[in-house]
Amino acid sequence: MPNASSWSASSPLLLLWEDSSGTRIFLSLLYAVLAISGTLSNVMVIYLVFSFKKLQTTSNAFIVNGCAADLSVCALWMPQEAVLGLLPPNSSSLRSAEYRLLRGGLLSLGLTVSLASHLLVAFNRYVLITKLPSVYQALYQRRHTGCMIGLSWALALLLVPLLPGLWTPGSAQQSPPRQTDGSSRYTALLLALAVLGQTALLLHCYLGIVRRVRGSAKRVSVLNFHLLHQLPFPAAPPPPRRAQRRLSSVSVLLLCCVFLLGTQPLVWVSLLGFFLRPAPPALQAASWLLLCSLSALNPLLYTWRSEEFRRAARSVLPRGEGPAA
């Protein structure tokens, strides 16, 4: 059996052999809550977009793409982790290399497409606000939008064979520990650099939107686009111009803060492990948990300020038109 350092260095998931039964039960319950809430929220967003024509926009196509990817994490991967956390540490399921690769493939596929969808949504809104309408219409034709979504899945499928090496522990029957640990360290470095680059592009897009909205609220208010309700501030009724600028800035910054909180701990834990020494197992586990929890939060991040989504949700939820709604 590998020791604590070798397991934590090659397996950032939260099922650690050294954890006590109480810790494993707590993590299983946490996974179960995230799985149920994330599955319901992602399915709800997908259902609303496909059911209401007003929600069938280019920006929402990228949001639905991210929700479909998040379902592979919330509906397929998290329930397995919740069940496996209740099994004894010497269970054959935990030791099966093929099963670990299957779970790792589901996680890497979902997270890669989800992070790519974040960037696609940000770039879509950036072009909508900062560029001419003709540029937006030429760039986001139906065929181009489909190609962007397809490329996000193609990229994820190319990375699936690589990323599970991050959490496949070495053993005597596998390659030597030094080679396995070295491969995992370099894969973690590439993952950290990729997430850093994606984060930089996402922040550039959203901060560009903030600068444009704060500098010219009138330009945003006169845009007669079907995507206007997808902006991080409500489209109707419009508040006064100064309040509108403040609301849009706070909403965008809040979205960016939640995204940074979910992604950056893993980035810096990976960089710390590559250049200095591996972080404690609890810190590695917490950083991965924050990243995985984004799959349950993403639907709320992109729809909580949308009046169209709220109206659609009230129309399908029980007693949606009652006083409580």
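Procedures and definitions
Residues numbered from 1 in each chain as written. Predicted model: local features only at pLDDT ≥ 70, side-chain atom pairs only at ≥ 80, totals over all residues. Heavy atoms only, no water. Axes fitted to C-alpha atoms, helices over the stretch in contact; angles between N-to-C directions. Helix = DSSP H or I, 4+ residues; strand = E, 2+ residues; numbered from the N terminus. Left-handed = near helix turned anticlockwise from the far one by under 90°. Contact = heavy atoms within 4.5 Å. Expected span 1.5 Å × (residues − 1). Bend = angle between axes of the 7 residues up to and from the residue. Buried < 20%, exposed > 50% of the residue type's maximum accessible area, 1.4 Å probe, protein only. UniProt positions renumbered as here; feature names shortened; annotations may be inferred. Phe/Tyr/Trp six-rings, centres within 6.5 Å; stacked < 30°, edge-to-face > 60°. Polar contact = N/O pair within 3.5 Å; in protein donor to acceptor, adjacent residues only side chain to side chain. Disulfide = S-S within 2.5 Å. Salt bridge = Lys/Arg side-chain N within 4 Å of Asp/Glu carboxyl O. Parallel < 35°, antiparallel > 145°, perpendicular 65-115°, else oblique. Nonpolar A, V, L, I, M, F, W, Y, C, P; charged D, E, K, R; others polar. pLDDT = per-residue confidence, 0-100. Core = buried A, V, L, I, M, F, W, Y, C linked by side-chain atoms within 4.5 Å.

(A) The arrangement of the packing of helix H5 (residues 97-130) against helix H7 (residues 142-159) in detail. Running from amino to carboxyl end, H5 crosses H7 at an angle of 145°, the nearest separation of the two axes being 9 Å. The handedness of the crossing between H5 and H7 comes out as right-handed. Where H5 approaches H7, its residues Leu-109, Thr-112, Val-113, Ala-116 and Leu-120 are matched on the opposing element by Met-148, Ser-152, Trp-153, Ala-156, Leu-157 and Leu-159.

(B) Focus on helix H3 (residues 58-84). With 27 residues, H3 extends 39 Å between its outermost C-alpha atoms, agreeing within 8% with the 39 Å of an ideal straight helix rising 1.5 Å per residue. Along H3, the helix axis deviates most sharply at Trp-77, where the bend reaches about 35°; the proline Pro-79 sits within four residues downstream. Counting buried residues along H3, 21 of its 27 residues qualify, which places the element largely inside the surrounding structure.

(C) Molecular detail of the UniProt feature "transmembrane region" (unreviewed entry) in the protein. Mapped onto the present numbering, the UniProt feature "transmembrane region" (unreviewed entry) falls on residues 25-50, 62-80, 100-123, 144-167, 187-209, 250-276 and 282-304. Secondary structure content for residues 100-123 is 100% helix and 0% strand, and the end C-alpha separation is 35 Å. Helix makes up 100% of residues 187-209 and strand 0%, and the two end C-alpha atoms of the span are 33 Å apart.

(D) Examining the packing of aromatic side chains more closely. Tallied over the entire structure, the rule returns four aromatic pairs. Measuring from centroid to centroid gives 6.0 Å for Phe-62 and Tyr-140, while their planes differ by 70°, and the two rings are edge-to-face. Here Phe-62 is found in helix H3, whereas its partner Tyr-140 is found in the loop between helix H6 (133-139) and H7, with 78 residues between them in sequence. Since its relative accessible area comes to 0%, Phe-62 is described here as buried.

(E) Spatial organisation of the side chain of Gln-264. Along the chain, Gln-264 falls in helix H10 (residues 241-275). Residue Gln-264 is classed as buried on the basis of its relative accessible area, which comes to 12%. Side-chain polar atoms of Gln-264 contact the side chain of Thr-263, separated by 3.1 Å.

(F) A look at the state of the cysteines. Counted according to the given criterion, the structure contains zero disulfides. Free cysteine: Cys-257, not disulfide-bonded; nearest cysteine sulfur from Cys-256 at 7.0 Å.

(G) Broad picture of the pattern of salt bridges. Scanning all chains against the criterion turns up six salt bridges. A salt bridge links Lys-54 to Glu-308; the nearest nitrogen and oxygen atoms lie 3.2 Å apart. One end of the pair, Lys-54, is in the loop between helix H2 (21-51) and H3; the other, Glu-308, is in helix H12 (residues 307-316), with 254 residues separating them in the sequence. On the accessibility criterion, Glu-308 (15% relative accessible area) is buried. Across the pair Glu-307 and Arg-314 runs a salt bridge whose closest N-O atoms are separated by 3.4 Å. Exposure remark for Glu-307: the relative accessible area of 18% places this residue in the buried category. The network of salt bridges with common partners includes Lys-54, Glu-307, Glu-308, Arg-310, Arg-311 and Arg-314.

(H) Molecular detail of the environment of Asn-65. Relative to the elements of secondary structure, Asn-65 occurs in helix H3. Here the alpha-carbon distance between Asn-65 and Ile-149, two residues 84 residues apart in the chain, equals 7.0 Å. Here Asn-65 is in contact with Val-113, Ser-117, Ile-149, Ser-152 and Trp-153, once residues within four sequence places are set aside. For Asn-65, the side chain forms a polar contact with the side chain of Trp-153, separated by 2.6 Å.

(I) Quick peek at the packing of H3 against H7. Viewed as axis vectors pointing N to C, H3 and H7 meet at an angle of 20°, and their least axial separation amounts to 11 Å. Viewed along their axes, H3 and H7 adopt a mutual orientation that is roughly parallel. Between H3 and H7 the crossing geometry is right-handed. Judged by residue contacts, Thr-58, Ala-61, Phe-62, Asn-65, Ala-68 and Ala-69 of H3 engage Thr-145, Met-148, Ile-149, Ser-152 and Trp-153 from H7. For the contact of H3 with H7, the residue count by class is seven nonpolar, four polar and no charged.

(J) A look at the confidence of the model for the protein. Chain-level statistics for the protein give a pLDDT mean of 76 and a share of 71% at 70 or above. Throughout residues 218-247 the model reports pLDDT below 50, and contacts reaching past four residues in sequence, or to other chains, amount to 62 contacts.

(K) A look at the nonpolar core. Grouped together as the largest cluster of nonpolar side chains are 62 residues, with contacts concentrated most on Phe-62, Trp-77, Met-78, Leu-107, Tyr-206, Trp-288 and Tyr-302. Going through the elements one at a time, H2, H3, H5, H7, helix H8 (177-215), H10, helix H11 (281-303) and H12 are the ones with two or more residues in this core. Per-element accounting of this core gives the leading share, eleven residues, to H5.

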